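# Chain and residue survey
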Amino acid sequence: MLTIKKIYQKYFIQFSLFILILKTAYITFFKNRSGDYGFYERIANGIVNGCGYAVQSNDGNCIPVVGHYMPGFHYLMSIFYFFGFDAKLFLIFIAILHFFASLFLFYVIKKYKKDIKLAKILFILLILSPLTFGFNRLLLMETLITVFSILFLALTIKIYYEGFKLSNNISVLSLIILSLYIKPTGILFAIPFIILFFS
């Protein structure tokens, strides 16, 4: 008799793709509105309509966005709006990014820890976690920040075994810069690498 454990061990790739399809369907058929949904949408439309990082008022005036917001998330979102898509496809895109970030972590653990069982368990936990599965359907910056978190974890392990090679340094610096454009707290991702550098 096939148990869930046997299914995921024997059909790991198929099981993983099924979870991705399930997550995509969850995003597609359920409401995506969070508290900031309308505001984020207005910013994305403002960018598309030539206002820059601003919202467009009913009379066509551009009102700059001020405060703690960073433009990365909204500019990325505006690309989908520019091509006539809505937030759903943008969220599916983030879900796919999350899937491949988890896959990268799986590859890193498999390669350096030589433990495919641990790699598979962590991969499944990440793609089924309520923080990544449930919240992926909501338009929140945190869903994209989670992708960066997984990538930084994978790079921390990679650098621990490989050291600060040029390719690793470029990857880390690029991701830190990108994460800062999403949220200022992205600077905190640098802490593990500072610790590794001085240890």
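As the structure is a prediction and not an experimental result, all values here were calculated from the model.

Below, the discussion takes up helix 5 (residues 87-112). Along its 26 residues, helix 5 runs 37 Å from first to last C-alpha, staying within 8% of the 38 Å computed at 1.5 Å per residue. Its side-chain oxygen placed 3.1 Å from the backbone nitrogen of K88, D86 serves as the N-cap of helix 5. Count one or two residues on from helix 5 and you reach K114, which has phi positive near 55°.

With 17 residues, helix 9 (residues 166-182) extends 25 Å from end C-alpha to end C-alpha; this agrees with the ideal 24 Å at 1.5 Å per step. Taken as a whole, helix 9 has its buried residues at N168, V172, L175, I176, S179 and I182. Looking down the long axis of helix 9, one finds its buried residues gathered within 115° of arc, a one-sided arrangement. Counted as exposed and oriented over 90 degrees from the buried face of helix 9: L166 and L173.

The rules behind these values
- Residues numbered from 1 in each chain as written.
- Predicted model: local features only at pLDDT ≥ 70, side-chain atom pairs only at ≥ 80, totals over all residues.
- Heavy atoms only, no water.
- Helix = DSSP H or I, 4+ residues; strand = E, 2+ residues; numbered from the N terminus.
- Expected span 1.5 Å × (residues − 1).
- Polar contact = N/O pair within 3.5 Å; in protein donor to acceptor, adjacent residues only side chain to side chain.
- Buried < 20%, exposed > 50% of the residue type's maximum accessible area, 1.4 Å probe, protein only.
- Arc of directions from axis to C-beta.

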